[in-house]
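Tertiary structure, described
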Amino acid sequence: MRMTLLRLSRAAAAALVAAAALTAAAHSAEAAEAADTLGSAASAQGRYFGTAVAASHLGGTDYVSTLNREFDSATPENEMKWDATEPTRGTFTFSAADQVVNHAQAQGMDVRGHTLVWHSQLPSWVGGLGAADLRSAMNNHINRVMGHYKGQIHSWDVVNEAFQDGGSGARRSSPFQDKLGDGYIEEAFRTARAADPAAKLCYNDYNTDGVNAKSTAVYNMVKDFKSRGVPIDCVGFQGHFNSNSPVPSDLRANLQRFADLGVDVQITELDIEGSGAAQADSYARVVEACLAVDRCTGITVWGVTDKYSWRSGGTPLLFDGNYAAKPAYDAVLSALGGSDGGGNPGGGTATCTATYTRTADWSSGYNGQVTITAGSEPIGSWAATLTFASPQRVQATWNAAPTWSGNVMTARPSWNGTLAAGASTSFGFTVAKNGSDAAPVVGGCTVT
């Protein structure tokens, strides 16, 4: 009997091991198959790929569609800065930042917090404080902002751009530096650790991408902090490049020397002015440098589309003003080991649009119709997302095959996927209002 049980136990264990191996292989295959966007390809490499997000653009269908499809991390562009969150001393407002955080969380994205202590975008009242009041205000600001988002932020840029440009390696003049001295950075990090022990705490700066006097000054600060137990987990390298300030040849070596101090490194605000093959090559080199450093945990580009970039004249992002993927997109996806899947915007210029109309209305419900129109090239298939207001319920659909994630419906063609250039098709649905007359929000159309 004992031998029979042992054999059964071994057989059961072998079956479990085999099942686990099959499950792992299936998951691996699914991951490889799904790596056709920036976020999924980066995730397969153990990294994130994020973007700066502006709350004011979250009403744009193309903006939201591209954001949701491509990225798995979001950084509020301006909404968490001091002038946005505490314009008057002691009076905090988080509505715009909450929009970004809530949207990111609904899409399963991580959030980077940007930024707590910075010399720029300060309300005027901060600069007028004396040293004791300024120290109190700084610590209160960190506590209140981090407390509001406690447990919701992956990484915080605790202190931003505290060092001068040029070859001095000196600290930048600011209300904090001038009145509190060098110790304000350490104090900010210690306050931040107590405010949210789970969040990663980063120092963030620009023109520190290569080995130079400024990056060495930051390096020496981080080395000192690590030696004395000052809580710092990561260093952000902004990555604003152009022809006068190209991607440095020693980017990888610089990232590695920081990682060797025992901190994570992140590319936090990447944008590269230019176009075509030259821009694509520069983007690829940044991605390759990050992938070559084990502790480079992710990349954030500073915006979704050239149209809204702070450097829009230099067309520095991966999507142009019409949300078409640029050669730089292809280069990044390829560097991450991803595939365009045969129809992703990174694989060609085929596009489509989705337009919603209400075709019938009554007290308890309505009929809606979405028209899908191909762009200047034919398409083989499409997908459109619609977000319905709770507690509405879709009772029926036609000319589309829907799938659901919460109150978001993704509609794909049931028979009408192939469209000639400029041609249209439509699908429809019946909605029970359940007390809400709101129109669904169309997330845009994607060629698949």
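Scroll up for the structure.
The rules behind these values
- Residues numbered from 1 in each chain as written.
- Predicted model: local features only at pLDDT ≥ 70, side-chain atom pairs only at ≥ 80, totals over all residues.
- Heavy atoms only, no water.
- Pairing = 2+ DSSP bridges.
- Helix = DSSP H or I, 4+ residues; strand = E, 2+ residues; numbered from the N terminus.
- Axes fitted to C-alpha atoms, helices over the stretch in contact; angles between N-to-C directions.
- Contact = heavy atoms within 4.5 Å.
- Phe/Tyr/Trp six-rings, centres within 6.5 Å; stacked < 30°, edge-to-face > 60°.
- Buried < 20%, exposed > 50% of the residue type's maximum accessible area, 1.4 Å probe, protein only.
- Lys NZ or Arg CZ within 6 Å of the ring centre and 35° of its normal.
- Right-handed = clockwise from strand over helix to strand, strands pointing away.
- Salt bridge = Lys/Arg side-chain N within 4 Å of Asp/Glu carboxyl O.
- Parallel < 35°, antiparallel > 145°, perpendicular 65-115°, else oblique.
- Left-handed = near helix turned anticlockwise from the far one by under 90°.
- Nonpolar A, V, L, I, M, F, W, Y, C, P; charged D, E, K, R; others polar.
- Polar contact = N/O pair within 3.5 Å; in protein donor to acceptor, adjacent residues only side chain to side chain.

1. Considering the sheet that holds strand E13 (residues 393–398)
Here we have four strands laid out as an open sheet, ordered E10-E11-E16-E13, and antiparallel in their pairing. Bordering the open sheet on either side are strand E10 (352–362) and E13, each of which pairs with just one other strand. Here the average twist between neighbouring strands, direction ignored, is 25°. The pairing of E10 with strand E11 (residues 365–374) spans ten bridges and is classified as antiparallel.

2. Considering the environment of Tyr219
Tracing the backbone shows Tyr219 in helix H10 (residues 213–228). Distance from Tyr219 to Leu261, taken between C-alpha atoms, is 8.6 Å for residues 42 residues apart in sequence. Other than its neighbours up to four places away in sequence, Tyr219 contacts Arg257, Phe258 and Leu261.

3. Brief notes about the packing of aromatic side chains
This structure, assessed with the given rule, holds 16 aromatic pairs. Taking the centre distance of 5.5 Å and the plane angle of 90° together, the rings of Tyr219 and Phe258 count as edge-to-face. Within this pair, whereas Tyr219 is found in helix H10, its partner Phe258 is found in helix H11 (residues 251–259), the two being separated by 39 residues in sequence. For Phe258, a relative accessible area of 0% translates into the label buried. Connected via pairs of aromatic rings, a cluster forms that spans Tyr356, Trp382, Phe388, Phe427 and Phe429. Over the ring of Tyr219 we find Arg257; its NZ or CZ atom is 4.8 Å from the centre of that ring.

4. A word on the pairing of strand E2 (residues 73–76)
Here E2 shows two buried faces, one formed by Ser73 and Thr75 and the other by Ala74 and Pro76. By the bridge criterion, four bridges tie strand E1 (residues 48–53) to E2 in an arrangement that is parallel. Among the inter-strand pairings, Val53 is bridged to a residue of E2, identified as Pro76. What joins E1 to E2 is helix H3 (residues 61–70), and the crossover it makes is right-handed.

5. Considerations on H11
When we look at burial in H11, the residues that qualify are Leu251, Asn254, Leu255, Arg257, Phe258 and Ala259. Those residues of H11 that are buried lie in contact with H10, strand E6 (234–237), strand E8 (264–272) and helix H12 (276–291).

6. Side note on the pattern of salt bridges
Evaluation of the coordinates by the stated rule reveals 21 salt bridges. Note that Asp133 and Arg89 form a salt bridge whose closest N and O atoms lie 3.5 Å from each other. One end of the pair, Asp133, is in helix H7 (residues 131–148); the other, Arg89, is in the loop between helix H4 (82–85) and helix H5 (95–106), with 44 residues separating them in the sequence. By relative accessible area, which is 38% here, Asp133 ends up partly exposed. For the salt bridge of Glu186 with Arg228, the shortest nitrogen-to-oxygen distance reads 2.7 Å. Of this pair, Glu186 sits in helix H9 (residues 183–195) while Arg228 is found in helix H10, placing the two residues 42 residues apart along the sequence. Among the residues examined, Arg228 registers a relative accessible area of 41% and is labelled partly exposed. Through salt bridges with shared partners, one network takes in Glu186, Arg190, Asp224 and Arg228.

7. Considering the packing of H9 against H10
With their axes 12 Å apart at the nearest point, H9 and H10 run at an angle of 50° to one another. It follows that H9 is oblique to H10 by the angle criterion. The interaxial crossing formed by H9 with H10 has right-handed handedness. On H10, the residues touching Ile185, Glu186, Phe189 and Arg190 of H9 are Met221, Phe225 and Arg228. Counted by class, the contact of H9 with H10 contains four nonpolar, no polar and three charged residues.

8. As for the side chain of His114
Relative to the elements of secondary structure, His114 occurs in strand E3 (residues 110–118). A polar side-chain atom of His114 sits 2.8 Å from a polar atom in the side chain of Asp157. Filtering out sequence-adjacent residues up to four positions away, His114 remains in contact with Thr75, Pro76, Glu77, Met80, Lys81, Trp156, Asp157, Asn160, Asn204, Glu269 and Trp302.

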